[in-house]
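Below are the chains, spelled out letter by letter.
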Amino acid sequence: MQALSSPKWALASLSLSMLLSSLGTSIANVGLPTLAEAFDASFQQVQWVVLAYLLAITTLIVSAGRLGDLIGRRRLLLAGIALFTAASALCSLAPTLGLLIAARTAQGFGAAIMMALTMALVGDTVPKARAGSAMGLLGTMSAVGTALGPSLGGVLIAGFGWQVMFLVNVPLGILAVLLVHRFLPVDGPRTTTDRPRFDHLGTLLLTLILACYALAMTLGRGSFGLLNVALLCTALLGAGLFLRVESRAASPLIQLAMFRHPALGSGFTASALVATVVMATLVVGPFYLSGALALDAAAIGLVMSSGPLVAALAGVPAGRAVDRFGPRRIGVTGLVTMAAGSALLPLLATRFGVTGYIAPLAAITAGYALFQAANNTAVMQDIRADQRGVVGGLINLSRNLGLITGASVMGTVFAAGSGASDLATAHPGALGSGMRMTFAVATGLILLALAVGTAAHRLAPHENRSGS
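Remember, predicted model here, so these are calculated numbers, not experimental data.

A. Examining the side chain of asparagine 400 more closely. Examined against the element boundaries, asparagine 400 turns out to sit in helix α15 (residues 388-418). Other than its neighbours up to four places away in sequence, asparagine 400 contacts Leu54, Ile57 and Thr58.

Shown next as structure tokens:
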């Protein structure tokens, strides 16, 4: 069956793929206590159900984008969704924790393909004048999946058991395969003479580097030991070797010359910095809400869900604003809004309680939606068609690295600022001090992202600045 040309349905299929990959990220977290009981395992052991998925995405996402550029994005996306769907079924059938973690790793590989290629395929299926709206919709679906995961997972576990938490992805995955097969344009024919070779050495090195970095940032739950330092040093040494290999490769995984384009380098850097701040709200929020504002678990869940909900509601309007006013203006607006929210959050929360916490949190997440739509559009709009896959992978990689770094570094900043050895029993005043230090750092990171973007805009060729 030939794919039908329909931009709206094509975008719907890409949106469903983005929803599935983000749902897989968040839905398992709520089930960790149940899984610990079901498999008679410790919390540290069942944590790998989440960590394996995140590591798989982080290590494969750039390679998946490059592979899509080489063999065809539609073809690889179908394989990625099929892998994600089959792995979801295997997760629900896993008789042991080890097999569940292995299935989650395979699920993460499928999600990496979906994340990298959905963004790249926007350029193949959506007119350039509507690219901002399409990016905004993808951002909305990502936020919806993140927000829906904990609540949906909780309902499914309570009503049907933990297996259904993974099994729910199967019918959605089958639907996504059908939509992609029917509505995305068929990959064009490629001859053996115009197909570059796949960079196996570069791919292996990058995978090892990212795995070492992700493990260094996640093992030990934020406390750096000798193993963390060794892994981080290995990642740094590997990065130097990777740059040397890529500079000499005939068909490199990442063409280093791309980073001479100011929009790319600044876009990746700003994305990592901003994602670090977003993760700070998720890491320190529950401790402050429970310890300083005395909220119970249900109330904390409602307050924490307000952030993804605002991001979901702001996604589509943000994309339309990018199409109308240009990515430069909307990106700056988003960063300024995030900086204001970060600076005000500890002050308003201390004075006005829950309301004072939610209002600046809404500003942070709304600003994030604006920035994401603008930054993704700016990075992707001037990229050659044969590079969209790897660039889409790099955008998602920078976001993932920011999330991983934020989970470790910002958690450490919060603990240092509070001066408490046990955050669960810390005094409200100490938690307030931790919040002030954490979001002072967060504000600084956002201002740094703004400075990076401004410098890149000034370095860009004059003809590329108009309307941006």
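There is more to say after this.
B. Inspection of unusual backbone geometry at higher detail. For aspartate 40, which is not glycine, the phi dihedral falls at a positive 50°. Taking relative accessible area as the criterion, aspartate 40 reaches 71% and is therefore assigned exposed. One non-glycine residue, alanine 294, adopts positive backbone phi at about 60°. Within the element layout of this structure, alanine 294 appears in the loop between α12 (262-291) and α13 (297-325). Judged by its relative accessible area of 65%, alanine 294 is exposed.

C. Representation of the packing of α12 against helix α14 (residues 327-381). Their axes nearest at 10 Å, the elements α12 and α14 cross at an angle of 155°. Of the possible angle classes, the one that applies to α12 and α14 is roughly antiparallel. Crossing of α12 against α14: the hand is left-handed. A breakdown of the residues in the contact of α12 with α14 according to their chemical character gives 18 nonpolar, eight polar and no charged.

D. Representation of the nonpolar core within the structure. Ranked by size, the top nonpolar core spans 67 residues in total, and within it Ile61, Val62, Leu77, Ile254 and Val391 carry the most contacts. Of the residues forming this core, the biggest block, eleven residues, is contributed by helix α6 (residues 97-125). For valine 62, the contacting residues outside a window of four places in its chain are Leu206, Leu253, Ile254, Val390, Gly393, Leu394 and Leu397. Within the second largest apolar cluster, 38 residues are counted, among which are Val274, Val284, Ile300 and Tyr357.

E. View of helix α4 (residues 48-71). Between its first and last C-alpha atoms α4 spans 32 Å; for 24 residues at 1.5 Å apiece the expected length is 34 Å, and the two agree. At leucine 60, α4 shows its largest bend, some 45°. The first or second residue beyond α4 is glycine 72, which carries a positive phi of 115°.

F. Expanded view of the packing of aromatic side chains. As enumerated under the stated definition, the model contains three aromatic pairs in all. Residues phenylalanine 39 and tryptophan 162 carry aromatic rings whose centres are separated by 5.5 Å and whose planes lie at 55° to one another, so their mutual orientation is tilted. On the criterion of sequence distance, the pair formed by phenylalanine 39 in the loop between α2 (32-38) and α3 (43-46) and tryptophan 162 in helix α8 (residues 162-167) is long-range, its members being 123 residues apart. Pairing tryptophan 162 with phenylalanine 166 gives two aromatic rings, centres 6.2 Å apart and planes at 80°, and the pair type is edge-to-face. Of this pair, tryptophan 162 and phenylalanine 166 both sit in helix α8, separated by four residues, roughly a single helical turn.

G. Region of interest: the environment of arginine 384. Mapping arginine 384 onto the fold places it in the loop between α14 and α15. For the pair arginine 384 and aspartate 187, spaced 197 residues apart in the sequence, the C-alpha separation amounts to 16 Å.

H. Structural detail: the side chain of serine 21. Looking at the secondary structure, you find serine 21 in helix α1 (residues 7-26). Serine 21 gets classed as buried once you look at its relative accessible area, which sits at 0%. One polar contact links the side chain of serine 21 to the main-chain carbonyl oxygen of methionine 18, over a distance of 2.9 Å. Residue contacts for serine 21: discarding those within four places in its chain leaves Tyr53, Ala111, Met114 and Met115.

I. How the structure looks around the environment of threonine 365. Of note, threonine 365 is situated in helix α14. It is 33 Å that separates the C-alpha atoms of threonine 365 and alanine 257, two residues lying 108 residues apart in sequence. Beyond its immediate sequence surroundings of up to four residues, threonine 365 is in contact with Gly307, Val310 and Ala311.

J. Seen up close, a nonpolar patch on the surface. On the surface, Leu243, Leu256 and Phe259 cluster together to form a nonpolar patch covering roughly 240 Å² of accessible area. Tracing the backbone through its elements, the reader meets leucine 256 in the loop between α11 (226-248) and α12.

K. Focus on the state of the cysteines. Applying the stated rule across the entire model yields zero disulfides. With no disulfide of its own, cysteine 212 lies closest to cysteine 233 among cysteine sulfurs, the gap being 11 Å. On the basis of relative accessible area, cysteine 212 is assigned to the buried category, the value being 15%.

Rules and cut-offs
- Residues numbered from 1 in each chain as written.
- Predicted model: local features only at pLDDT ≥ 70, side-chain atom pairs only at ≥ 80, totals over all residues.
- Heavy atoms only, no water.
- Helix = DSSP H or I, 4+ residues; strand = E, 2+ residues; numbered from the N terminus.
- Contact = heavy atoms within 4.5 Å.
- Buried < 20%, exposed > 50% of the residue type's maximum accessible area, 1.4 Å probe, protein only.
- Axes fitted to C-alpha atoms, helices over the stretch in contact; angles between N-to-C directions.
- Parallel < 35°, antiparallel > 145°, perpendicular 65-115°, else oblique.
- Left-handed = near helix turned anticlockwise from the far one by under 90°.
- Nonpolar A, V, L, I, M, F, W, Y, C, P; charged D, E, K, R; others polar.
- Core = buried A, V, L, I, M, F, W, Y, C linked by side-chain atoms within 4.5 Å.
- Expected span 1.5 Å × (residues − 1).
- Bend = angle between axes of the 7 residues up to and from the residue.
- Phe/Tyr/Trp six-rings, centres within 6.5 Å; stacked < 30°, edge-to-face > 60°.
- Polar contact = N/O pair within 3.5 Å; in protein donor to acceptor, adjacent residues only side chain to side chain.
- Patch = residues over 30% accessible without salt bridge, like charges linked within 9 Å, V, L, I, M, F, W, Y side chains within 5 Å.
- Areas by Shrake-Rupley, 256 points an atom, 1.4 Å probe, with all protein chains shown as cover.
- Salt bridge = Lys/Arg side-chain N within 4 Å of Asp/Glu carboxyl O.
- Disulfide = S-S within 2.5 Å.

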